[in-house]
Structure formats: C-alpha cells, structure tokens
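Observations on chain architecture
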Amino acid sequence: MSGTSKLVLENVSMTFEADGKPFTALAPVDLEIPAGKFISLIGPSGCGKSTIFNIVAGLQPPTTGRVLIDGEDATGLIGRVGYMLQKDLLLPWRTVLDNVALGMEIRGFKMSEARARALPLLARYGLGGFEHRYPGSLSGGMRQRAALLRTLLVDQDVVLLDEPFGALDAQTKARMQEWLLQLFNDFGRTVVFVTHDVEEAIFLSDEIYVMASRPGRVIEKLPIDLPRPRDRSVVSSPRFVAMKKYCLDLLHLASPDTHGDIAA
Ligand SMILES: Nc1ncnc2c1ncn2[C@@H]1O[C@H](COP(=O)(O)OP(=O)(O)O)[C@@H](O)[C@H]1O
Ligand SMILES: [Mg+2]
C-alpha cells in the first residue's frame with residue numbers, strides 16, 4: 001500500500017447466502033486509487049461493481065478485508081464518501097434546486113445556506129432556468145446533471161458514481177461525459193466511476209480496473225495515458241482504438257458468455 005493513495009481496498013471480498021449456500025459475489029479485490037484521479041471499474045453485469053461501492057460507502061460490511069481512506073481504516077464508516085447510487089432518484093416533489101441542495105441539507109446545512117450554495121452551480125453547470133422546475137419535467141440528461149451535482153455538493157473528496165449515464169441515449173451520454181470531465185477538472189475530487197461501456201471508461205479515466213464475473217474479481221488494471229483535456233476526437237485516435245480493442249478482448253476472454261452485456 002502506498003502512503004499517498006486516497007482510497008485503498010485491501011483483500012476485500014463479499015460472500016452472500018443464496019438458497020442456503022454461500023455465493024461469492026466478490027473474490028478478494030485489491031484496489032489502490034491515487035488522490036485526484038478518475039478511475040473506472042468496468043465489467044459485465046453481476047461482477048460485483050455495485051457491491052464494491054456499497055462496501056466503500058460503508059453500507060455493507062465486507063466478508064473479508066478493509067477499506068482505507070487517506071491511510072485510515074474506514075471499513076463500515078457511512079458518510080465518508082459521496083455516493084451516487086445506480087438508481088439514484090431525484091425526489092419528484094422537490095424542485096431541481098431543492099434536490100441539489102438535499103445532500104447538504106442531510107449533512108446539517110440550513111436549507112437557506114444549502115440553496116445559496118447550490119444556486120450559482122446550477123447556472124454554471126447547465127441547469128440555469130431549470131432551478132424551480134420539478135424533475136418530472138426534465139430530460140434524462142438534465143436529471144442526471146442534478147443528481148451528480150447533488151452528490152458533488154456534499155463536499156466529500158472521494159466520489160463514487162455508479163453507471164450514471166447507463167440509461168441515456170448515445171448523444172446525450174457523449175455530452176454528459178464531456179460535462180462530467182469539466183466538473184472533474186473544476187472540483188478536483190477523486191472519482192470512482194462504474195460503467196459497462198468500454199469507450200466511456202477510456203474516454204473519462206486515468207486508470208481502468210477490468211473485472212470479470214463468477215466470481216466477481218479484478219482481472220487487470222490499465223493505465224489510460226491519453227492527455228487531458230480530452231475532447232471527443234480522441235476516440236478515433238489509434239491509441240484509443242487499440243486500448244478499446246484490448247479491453248474488449250480481455251472482457252470477452254474472461255466472461256465469454258456475458259460478452260453481450262458489454263457495450264462496444
Ligand atoms: N444483498 C445481496 N444478497 C445476495 N446476492 C447479492 C446481493 N447483492 C448483490 N448480490 C449478487 O452479487 C453479484 C454482484 O452484484 P452487483 O455488485 O450488483 O453487480 P454489478 O453492479 O457488477 O452488476 C450479483 O450476482 C448479485 O445478484
Ligand atoms: Mg451495479
């Protein structure tokens with residue numbers, strides 16, 4: 001373990017009971033995530049990505065191993081990271097502004113103060129004019145912007161994002177990725193991002209952990225040394241195309257029967 005790592009998982013595994021028998025959702029996993037980097041976990045459905053996040057967020061005790069944040073044992077500690085769940089919903093009866101302010105409110109800010117902090121960010125990050133609208137009247141991309149801003153505004157330096165763009169159409173998704181890179185640049189957080197989209201993982205990340213299923217495990221850690229800032233044209237560069245092929249081959253070799261789950 002390196003002293004400069006923001007987030008470390010040491011020998012973390014998860015075994016559930018299924019039909020009275022133990023089921024290994026996650027074989028022992030070691031992750032080492034440097035401060036200020038954008039890291040993706042990629043793998044087929046069911047390989048334990050959300051389980052890793054639930055463990056890091058302190059919502060599920062691991063069967064073995066520990067979670068370290070800034071070198072200190074944070075296993076089972078709730079509230080130490082920002083976490084946008086895979087199906088993170090906005091509250092339909094709250095306006096966009098009050099949804100974005102919610103994370104701060106839960107952490108004890110006065111509502112007026114939470115709103116005052118959220119308001120300029122809504123305008124800056126593409127939600128200007130929508131502050132007082134309700135989530136039901138927003139597009140999917142707008143809703144995800146609001147949910148992501150809510151997560152970032154809780155002021156944790158580690159942010160976990162579980163497939164935030166999984167349900168968006170290709171064009172909206174591409175715009176949201178660029179928007180997220182701008183936020184990453186502005187906020188300076190350590191981001192761990194889950195996706196099953198190889199191109200998305202490469203475009204966004206500094207490093208990718210490739211996972212496989214049955215049992216869920218990490219099979220490779222890939223550095224992505226594409227220069228930043230990145231724009232969309234990078235996806236057709238020979239380096240990008242080669243990394244994408246390498247990644248898809250790895251996923252296919254590890255879980256040939258689940259290949260169809262991975263978005264090329
Ligand atoms: N609370 C639970 N009890 C039993 N099995 C679970 C539980 N949570 C997740 N699993 C199983 O563990 C595996 C990994 O799940 P998950 O982490 O959600 O995968 P992913 O996010 O990669 O799709 C799946 O087979 C899932 O059905
Ligand atoms: Mg999941």
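Here the structure is a predicted model, which is why all the values come from computation and not from measurement. (Residues numbered from 1 in each chain as written. Chains lettered and ligands numbered in written order. Predicted model: local features only at pLDDT ≥ 70, side-chain atom pairs only at ≥ 80, totals over all residues.)

1. Here we look at the overall build of the chain
- Within the chain one finds 7 helices and 10 strands.
- Since a compact globule built from 264 residues should have a radius of gyration of about 18 Å, the 18 Å found for the chain is in line with a globular shape.
- Taking the principal axes of the C-alpha coordinates as reference, the chain spans close to 50 × 40 × 40 Å.
- Per-residue burial for the chain yields a buried fraction of 40% across its 264 residues. (Helix = DSSP H or I, 4+ residues; strand = E, 2+ residues; numbered from the N terminus. Rg over C-alpha atoms; globule rule 2.2 N^0.38 Å. Buried ≥ 20, exposed ≤ 12 C-beta atoms within 10 Å, placed from the backbone.)

2. Quick look at the environment of Phe109
- On the secondary structure map, Phe109 appears in the loop between helix H2 (96-106) and helix H3 (111-124).
- Taking the C-alpha atoms as reference points, Phe109 and Gln182, separated by 73 residues in sequence, lie 26 Å from one another.
- Setting aside its immediate chain neighbours within four residues, Phe109 contacts Met104 and Ala114. (Contact = placed C-beta atoms within 7 Å.)

3. Regarding the site of ligand 1
- Surrounding ligand 1, one finds Phe16, Ala18, Ala25, Ser45, Gly46, Cys47, Gly48, Lys49, Ser50, Thr51 and Gly216.
- Those elements giving two or more residues to the shell around ligand 1 turn out to be strand E1 (5-18) and helix H1 (49-56).
- Taken together, the residues that form the shell around ligand 1 break down as 4 nonpolar, 6 polar and 1 charged. (Near = placed C-beta within 6 Å. Nonpolar A, V, L, I, M, F, W, Y, C, P; charged D, E, K, R; others polar.)

4. A few points about unusual backbone geometry
- Between Arg214 and Pro215 the backbone carries a cis peptide bond, its omega angle lying at -5 degrees.
- Mapping Pro215 onto the fold places it in the loop between strand E9 (207-212) and strand E10 (217-223).
- Here Arg228 and Pro229 are connected by a cis peptide whose omega angle stands at -5 degrees.
- Relative to the helices and strands, Pro229 is located in the loop between E10 and helix H7 (238-254).

5. Here's the deal with the domain arrangement of the chain
- According to the domain assignment, the chain contains domain 1 (5-81 + 156-261) and domain 2 (89-155).
- On a C-alpha basis, the centres of domain 1 and domain 2 stand 25 Å from each other.
- Each partner contributes to the interface: domain 1 provides 14 residues, whereas domain 2 provides 11 residues.
- In terms of residue count, helix H5 (residues 170-187) provides more of the side of domain 1 that touches domain 2 than any other element does, 7 residues in total.
- Grouping the amino acids of the side of domain 1 that touches domain 2 by side-chain chemistry returns 10 nonpolar, 2 polar and 2 charged. (Domains from an automatic or database assignment.)

6. Some points on the sheet that holds strand E8 (residues 190-195)
- Strands sit in the order E6-E7-E8-E3-E9-E10 across an open sheet of 6 strands; the sheet is mixed. A strand with exactly one partner marks an edge of an open sheet, and here the two such strands are strand E6 (82-84) and E10. Neighbour to neighbour, the strand axes of the sheet diverge by 15 degrees on average, direction disregarded.
- Relative to E10, E9 is paired through 6 bridges, and the arrangement is antiparallel. Counted as the bridge partner of Ala212 is Arg217 from E10.
- On top of the sheet, helix H4 (residues 140-152) reaches E6 and strand E7 (158-162); it is set at about 160 degrees to E6, its chief contact.
- Across the face of the sheet, H7 comes into contact with E9 and E10 while running at roughly 20 degrees to E9. (Pairing = 2+ DSSP bridges. Axes fitted to C-alpha atoms, helices over the stretch in contact; angles between N-to-C directions.)

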